[in-house]
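Topology and contacts: notes
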Amino acid sequence: DGSLYEMISNGTFDDIYVGDYIKAAGIRWTIADIDNYLNSGTNFLGKHHATIVPLEILKNDSMNETNTTEGGYVNSKMATVVLPAILEDKILPVFGEHVLTYSTILSNSVDVEALNFSGGQKKGASNGHSWYNRQVDLMNEINVYGTSILASSYHDNTLDNHQYALFKLRPNLISSSWLRTVANASEFSFINSNRNVETLKASSLAGVRPRFLIG
């Protein structure tokens, strides 16, 4: 009836709690955090908002067609093809004009010969990032776990440097899916069925569980 968006936009959040969900199109769209990006980014996000993460995996797909992380996350097949299709087919039909545009920092290049932060056993590390205006993205390691685990460098963890309240309160809601974190020259970070983080070849099929903001 519109009361959800009224409670968000006026900043009262009177009857909105982390863990609440809206069931639509067979998906439980869950509130993962509240106003956690307020006043952030180059567009200085001033709108009150809720960060939404689906409880269900929306589809299985690969990060890239081949086993490479060159171009970082923002130039991956996931970011340029898969997520825009999910936005159009699954998210906008439910939330429409209430899906917000936010600015964020995303990795956009990889040095395939660089030693990475995850012990130096594999080569390849993000070596560049920039600001982008976005409506949907994968989460990174810190959004889920509150810390960097297998990230190849800091370029995937700059603005997104905090854990979502949902996963702090209910870690059992962490589920097997891709993360946008570059791990090395051929792999991205991935949450396995035991809720552990591991690396997975970029062309592998795995769950897609993105985040977006509504307000």
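The notes below deal with the structure included here. (Residues numbered from 1 in each chain as written. Predicted model: local features only at pLDDT ≥ 70, side-chain atom pairs only at ≥ 80, totals over all residues. Heavy atoms only, no water.)

**Concerning the overall build of the chain**
Threshold: Labels follow the DSSP assignment, with helices taken as runs of H or I lasting at least four residues and strands as runs of E lasting at least two, numbered in each case from the N terminus. It is over C-alpha atoms that the radius of gyration is taken, and the globule rule equals 2.2 Å times the number of residues to the power 0.38. By definition, residues are in contact when any of their heavy atoms lie within 4.5 Å. Computed with the Shrake-Rupley method and a 1.4 Å probe, the accessible areas treat only the protein chains shown as cover for residues. For the purpose of counting charges, residues Lys and Arg are taken to be positive, whereas Asp and Glu are taken to be negative. His and the chain ends are not included. Charge positions come from single atoms, namely NZ of Lys, CZ of Arg, CG of Asp or CD of Glu.
Each helix and strand in the chain was counted, giving 4 helices and 12 strands. For the chain, the C-alpha radius of gyration of 17 Å lies close to 17 Å, the compact-globule estimate for 215 residues. Expressed as lengths along the three principal axes of its C-alpha atoms, the size of the chain is roughly 55 × 35 × 30 Å. Look at the contacts in the chain between residues 6 or more apart in sequence, and 66% of them connect residues 24 or more apart. Carbon and sulfur atoms make up 48% of the accessible area of the chain, which totals about 9,200 Å². Taking the average place of the 16 positive charges on the side chains of the chain and the average place of its 22 negative ones, the gap between the two points comes to 6 Å.

**Concerning the sheet that holds strand β10 (residues 197-201)**
Spelled out, the test is: Only strands joined by at least two bridges in the DSSP assignment are considered to pair. Interaxial angle, 0 to 180 degrees, is taken between N-to-C directions of lines fitted to C-alpha atoms, where a helix line uses only the stretch in contact.
What the 3 strands build is an open sheet, ordered β8-β9-β10; its pairing is antiparallel. Across the chains shown, the open sheet's two edge strands, defined by having one partner strand only, are β8 (177-182) and β10. The sheet shows a mean angle of 45° between the axes of neighbouring strands, direction not considered. As judged from the 5 bridges shared by strand β9 (residues 187-191) and β10, these two strands associate in the antiparallel manner. From the neighbouring strand, F190 faces β10, where its bridge partner is E198.

**A few points about the packing of aromatic side chains**
Where we set the bar: For this analysis, a ring pair means two rings from Phe, Tyr or Trp (six-membered ring only for Trp) whose centres lie within 6.5 Å, classed as stacked if their planes differ by under 30 degrees, edge-to-face if by over 60, and tilted for the remaining angles. Partly exposed describes any residue whose relative accessible area lies between the buried limit of under 20% and the exposed limit of over 50%, with all areas from a 1.4 Å probe on protein chains only and scaled to the type maximum.
What the rule picks out here adds up to 6 aromatic pairs. Between W29 and F212, the ring centres sit 5.8 Å apart and the planes meet at 70°, which makes this aromatic pair edge-to-face. Residue W29 is located in strand β2 (residues 27-34), and its partner F212 is located in strand β12 (residues 210-214); the two are separated by 183 residues in the primary sequence. You can call F212 buried: its relative accessible area is 0%.

**Thoughts on the pairing of β8**
Remark: a regular strand shows side chains that alternate across the two faces of the sheet. Of all 6 residues that make up β8, 6 are buried, and the element is covered over most of its length. Looking at chain direction, β8 and β9 are connected through 3 bridges and run antiparallel. Its bridge partner being in β9, W178 is matched across the sheet by F190. A loop of 4 residues connects β8 with β9, the two strands running antiparallel in sequence.

**Quick look at the nonpolar core**
Using the following cut-off: Nonpolar core, defined: a set of buried Ala, Val, Leu, Ile, Met, Phe, Trp, Tyr and Cys residues in which side-chain atoms within 4.5 Å join the residues together.
Core analysis: the biggest nonpolar cluster contains 38 residues, and W29, I91 and W178 have the highest contact counts within it. With 8 residues, helix α2 (residues 77-95) is the largest single contributor of residues to this core. Beyond its immediate stretch of four places on either side in the chain, I91 contacts W29, I86, G96, V99, V136 and F212. Ranked by size, the runner-up nonpolar core spans 17 residues in total, among them L45, L55, M139 and L166.

**Details of the pattern of salt bridges**
When their charged atoms lie close together, side chains carrying opposite charge are able to pair. Counted only if it meets this: Think of a salt bridge as a Lys or Arg side-chain nitrogen and an Asp or Glu carboxyl oxygen that are within 4 Å of each other.
In the structure shown here, the tally under the stated rule is 10 salt bridges. Residue E187 pairs with K122 through a salt bridge whose shortest N-O separation is 2.8 Å. Highlighted residues: E187 in strand β9 and K122 in the loop between β5 (102-115) and β6 (123-134), separated in sequence by 65 residues. Take E187: its relative accessible area is 5%, and that puts it in the buried class. Classification of K122 as partly exposed rests on a relative accessible area of 39%. Shared partners join several salt bridges into a network, and the residues in it are R134, D137, D160, R180 and R211.

**Side note on the pairing of strand β1 (residues 21-24)**
Note: β1 against β2, 4 bridges, orientation antiparallel. By the bridge assignment for β2, K23 is matched with R28. Hairpin connection of β1 to β2: 2 residues between the antiparallel strands, including A25 at a positive phi of 55°.

**Concerning the sheet that holds β12**
Pairing in this open sheet of 5 strands is antiparallel, and the strands run β1-β2-β3-β12-β7 from one edge to the other. Taken across any chain shown, the strands that pair with only one partner, and hence form the sheet edges, are β1 and β7 (137-138). Relative to strand β3 (residues 50-54), β2 runs antiparallel, the two being bridged by 5 bridges. Its bridge partner being in β3, T30 is matched across the sheet by V53.

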